[in-house]
Amino acid sequence: MAYLQPYLHDLTGVFSAPVQAWADPHGQIRGEGAQGIHCGDDRVVRSAVLTVDGEEPAWVSTQVRSAAAVDYLHFVRVPGAVADPLVHLTRSRTADARGVEETIRIDSAQADPVRLRVVCRIVVDSTPMEKIKSGAAPAAGPEVTGPAWGWRGEGTRARLEPGAADAEYAGDTVLLTWTVDVEPGGSVELPWRLDLEDRGAPMTGPATAPLVAPRLADRRMDRLMSRSVSDLNGLRMASSDRPGDTFLAAGAPWFLTMFGRDSLIAARMMLPLDTALAGGTLRALAARQGTTTDADTAEQPGKILHEVRRATLRFEEDGQGVALPPVYFGTIDATPLWITLLHGAWRAGLPEQEVAALLDPLEAALVWLRDHGDSDGDGFLEYLDTSGHGLANQGWKDSGDSIRWHDGSLAEGPIALAEVQGYAYEAALGGAELLEAFGRPGAGEWRAYAEDLASRFRDAFWCEDADGRYPAIALDASKRPVDGIASNMGHLLGTGILDPEEEATVVRRLMDPTMFSGFGIRTVSTTNGGFWPTRYHAGSVWSHDTAIVIDGMTRAGFAAEASTLAAGLLDAAEGFGWRLPELFSGHAADQVGAPVPYPASCRPQAWAAASAVPIAVALGQLAPGAPA
């Protein structure tokens, strides 16, 4: 089944989870693709188009002030005026967790007063996010007869505050009209605001203080860090019933909610700056930890969930496709990642009492590794969707065509991913250290589990080609090593599952031009039969994927290689206006000069923005240790 997912690379936006507003590069919200004002998983306003005296003002520039604030500068043509653009219009849009606000400021240097008729035509909406993502036609908007309306029935409420505008309501359209006189050398401001409330939403804005970006000596690195922390603040959110436990939503526009894997990886990257985010993430996910076995939701005792939505997320046609329940556990890696984040946060200075409060969930998560993550008892963690409507692939490369043999053909599940075995090894040792430090039994058992896992991994996962040995991307249903050369092997670095010689082998394979594009590590080698530079998980470069490799190289002692990768990713960030996207093209840097966007890439994306931290550490701009 094919989807026409909208392109995002040329859009602009403001973000303050759970609210986001997407516009064209000039600030007009036209209702095309992902454009609109969204609350949680719904688009509430489809379009908001501004005209002055019946014409759209001439766009000049777009200035991003933060993830939550952007200014669009325009010129306004005045009949009979000189050629100089003496009337400026600045459309400032901001978002907060309760809604979106605009201020239209008009400044004039004309010799005479200028009378202008300013109109903002707003069309309301009620289209679910999955329909927008699949390119489906928008749903019919609700009829609006006044300044307040619901878009999803009871529990949802939008309220328009038109300021000094004349507001006209007709069907699904609101016209805001201002007739203004701007004096010579004077200015006027025309504000309006849309407040949004969804009382049934599982997620809300956080009740904690925002993250603070450190100042870095290198100008380029400082720009990336400042932009990244701003983006992360736009993605901060909390469960509605636990507003003090802040975590990072995965990304905008499609994933502005709790994602186990994404939230955990981003929080771990941020440990050199902040442990409070890790604590909130750990508690928020532990509160929803699995307690029973349910094939429909993929829940199992001790398991950490994959994602949370307001309602079932559907990408189906005639009953075929994906339908993820509102709380979905279909992930193989979130549970070991939760354990390693707890261990890393403890080592970075998370208060002892906060760690102690999470020891029961820790023990349950460790048991999941052994009793549920390893579904067939072969000693490896593997996954297979048994519901018929869940995700076919349940690692971070979760598209259906991501696990490939070197000839490009697809592997059949159950799948045991290479990197997940490394996560489990590190989790078992970290869990053992925590149990021992807090006087709980079982440390020896988990150290033995890790030792056995490393031995099994060494026997089962290694492949060889003309260039030497390397770890397979996965084991397939027949326990054969899937010989695709892929970035997954880079996630093993620093986990401890590889010996020093094996780590050196992995580093050498990753730094080869078939894997390193000059900007980042490709998801698969250019020699793979399925390689294409803009294939989602088979040729593109993912910012966080390369950042995890950078962190692993740093921890494993490969400082020079980590610095080279970090410099490449910093160059990519500059090419994208200092906002690292979710992913970008795997074209070679020496062939294209500037990074090529993947047009449907989310931005901001939590683990992409958090990648600024391992980049800064590898470039010597930030200490790798505990936060100050």
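Just so you know, these numbers come straight off a predicted model, no measurement behind them.

Let's talk about the overall build of the protein chain
Part 1: Across its full length, the protein chain holds 15 helices and 28 strands.
Part 2: A compact globule built from 628 residues would reach a C-alpha radius of gyration of about 25 Å, and the protein chain, at 25 Å, matches this within 12%.
Part 3: Dimensions along the principal axes, computed over C-alpha positions, put the protein chain at roughly 80 × 50 × 50 Å.
Part 4: Looking at the protein chain as a whole, 58% of its 628 residues qualify as buried.
Part 5: For the protein chain, restricting intrachain contacts to residue pairs at least 6 apart in sequence, the fraction spanning at least 24 positions comes to 66%.

Here's the deal with the packing of helix H5 (residues 334-348) against helix H7 (residues 359-373)
Part 1: For the pair H5 and H7, interaxial distance at closest approach is 9 Å and the crossing angle is 140°. Overall, the two elements H5 and H7 adopt an arrangement that is oblique. The chirality of how H5 crosses H7 is left-handed. For the pair formed by H5 and H7, the contact residues are Thr335, Pro336, Trp338, Ile339 and Leu342 on the first element and Pro361, Leu362, Ala365, Leu366, Trp368 and Leu369 on the second.
Part 2: Class assignment for the residues of the contact of H5 with H7 results in 10 nonpolar, one polar and no charged.

Observations regarding the state of the cysteines
By definition, a disulfide is the covalent link that joins the sulfur atoms of two cysteine residues.
Part 1: This model, assessed by the stated rule, comprises zero disulfides.
Part 2: Looking at Cys120, it has no disulfide partner, and the nearest cysteine sulfur is the one in Cys39, 19 Å off.
Part 3: In this structure Cys602 is a free cysteine whose sulfur lies 18 Å from that of Cys39, the closest cysteine sulfur available.

Some points on the packing of helix H4 (residues 276-286) against H5
Part 1: Two elements in contact, H4 and H5, have axes whose closest approach is 10 Å; the angle formed by their N-to-C orientations is 145°. In terms of crossing hand, the pair formed by H4 and H5 is left-handed. Contacts between H4 and H5 involve Ala278, Thr281, Leu282, Leu285 and Ala286 from the former and Trp338, Leu341, Leu342 and Ala345 from the latter.
Part 2: Here the contact of H4 with H5 is built from residues that sort into eight nonpolar, one polar and no charged.

Digging into the packing of aromatic side chains
Part 1: In total, this model carries 11 aromatic pairs according to the counting rule given.
Part 2: Measuring from ring centre to ring centre gives 6.1 Å for Trp346 and Phe438, while their planes differ by 55°; the resulting arrangement is tilted. Of this pair, Trp346 sits in helix H5 while Phe438 sits in the loop between helix H8 (418-437) and helix H9 (443-460), and the two are 92 residues apart along the sequence.
Part 3: With a centroid separation of 5.4 Å and 85° between ring planes, the pair formed by Phe380 and Phe461 is classed as edge-to-face. Here the residue Phe380 occupies a position in the loop between H7 and strand E22 (416-417), and Phe461 occupies one in the loop between H9 and strand E23 (462-465), the gap between them amounting to 81 residues.

Brief notes about the sheet that holds strand E10 (residues 148-149)
Part 1: Sheet architecture is open: seven strands sit in the order E5-E6-E7-E8-E14-E11-E10, paired in antiparallel fashion. Of all strands in the sheet, those bounded by a partner on one side alone are strand E5 (58-66) and E10.
Part 2: For strand E8 (residues 99-108) and strand E14 (residues 187-198), the ladder comprises nine bridges, and the chain directions are antiparallel. Counted as the bridge partner of Asp107 is Ser187 from E14.

Topic: unusual backbone geometry
Part 1: Here the bond from Ala252 into Pro253 is cis, since omega is 5°, no more than 30 degrees from zero.
Part 2: Relative to the assigned elements, Pro253 resides in the loop between strand E17 (242-248) and helix H3 (260-269).
Part 3: Following Arg603, the chain continues into Pro604 via a peptide bond in cis, with omega recorded as 0°.
Part 4: With respect to the helices and strands, Pro604 occurs in the loop between helix H13 (589-592) and helix H14 (606-610).
Part 5: Its identity as a non-glycine residue notwithstanding, Trp578 has a phi of 70°, on the positive side.
Part 6: On the basis of relative accessibility, which here comes to 6%, the residue Trp578 falls in the buried class.

Section: the pairing of E17
Part 1: When strand E16 (residues 236-239) meets E17, the two strands line up antiparallel, connected through three bridges. Across the sheet, the residue bridging to Arg236 is Leu248, located in E17.
Part 2: Connecting E16 to the next strand, E17, in antiparallel fashion are two residues.

Examining the pattern of salt bridges
Part 1: Counted under the stated rule, the structure contains 45 salt bridges.
Part 2: Measuring nitrogen to oxygen at the nearest pair gives 2.8 Å for the salt bridge that ties Arg261 to Asp333. Taken together, the residues span a long stretch of sequence, with Arg261 in helix H3 and Asp333 in the loop between strand E21 (327-328) and H5 at a distance of 72 residues. Pair check on accessibility: Arg261 and Asp333 agree, each one buried.
Part 3: A salt bridge links Asp376 to Lys479; its shortest N-O distance comes to 2.6 Å.

Things to note about H7
Part 1: The end-to-end C-alpha distance of H7, which contains 15 residues, comes to 19 Å, matching closely the 21 Å that a straight helix rising 1.5 Å per residue would cover.
Part 2: The axis of H7 is deflected most strongly, by about 30°, at Val367.
Part 3: Listed in full, the buried residues belonging to H7 are Leu359, Pro361, Leu362, Ala365, Leu366, Trp368, Leu369 and Gly373.

Focus on the sheet that holds E22
Part 1: The three strands are arranged E22-E25-E26 in an open sheet whose pairing can be described as antiparallel. The sheet is open, and its two borders are formed by E22 and strand E26 (481-482), each paired with just one other strand.
Part 2: Pairing geometry for E22 and strand E25 (residues 474-475), over two bridges, is antiparallel. When the sheet's bridge partners are listed, Ala416 is paired in E25 with Leu475.

Some thoughts on helix H10 (residues 500-511)
Part 1: The terminal C-alpha atoms of H10 lie 17 Å apart, and with 12 residues this matches the ideal 16 Å at 1.5 Å per residue to within 8%.
Part 2: Taken as a whole, H10 has its buried residues at Glu502, Glu503, Thr505, Val506, Val507, Arg509 and Leu510.
Part 3: Lining the buried residues of H10 we find H9, E23, strand E24 (468-471), helix H11 (543-556) and helix H12 (559-575).
Part 4: Near the N-terminus of H10, the side chain that reaches the backbone nitrogen of Glu501, with its oxygen 3.1 Å away, is that of Asp499.

What counts, and where the lines are drawn
- Residues numbered from 1 in each chain as written.
- Predicted model: local features only at pLDDT ≥ 70, side-chain atom pairs only at ≥ 80, totals over all residues.
- Heavy atoms only, no water.
- Helix = DSSP H or I, 4+ residues; strand = E, 2+ residues; numbered from the N terminus.
- Rg over C-alpha atoms; globule rule 2.2 N^0.38 Å.
- Buried < 20%, exposed > 50% of the residue type's maximum accessible area, 1.4 Å probe, protein only.
- Contact = heavy atoms within 4.5 Å.
- Axes fitted to C-alpha atoms, helices over the stretch in contact; angles between N-to-C directions.
- Parallel < 35°, antiparallel > 145°, perpendicular 65-115°, else oblique.
- Left-handed = near helix turned anticlockwise from the far one by under 90°.
- Nonpolar A, V, L, I, M, F, W, Y, C, P; charged D, E, K, R; others polar.
- Disulfide = S-S within 2.5 Å.
- Phe/Tyr/Trp six-rings, centres within 6.5 Å; stacked < 30°, edge-to-face > 60°.
- Pairing = 2+ DSSP bridges.
- Salt bridge = Lys/Arg side-chain N within 4 Å of Asp/Glu carboxyl O.
- Expected span 1.5 Å × (residues − 1).
- Bend = angle between axes of the 7 residues up to and from the residue.
- Polar contact = N/O pair within 3.5 Å; in protein donor to acceptor, adjacent residues only side chain to side chain.

Keep in mind these values describe shape, not function.
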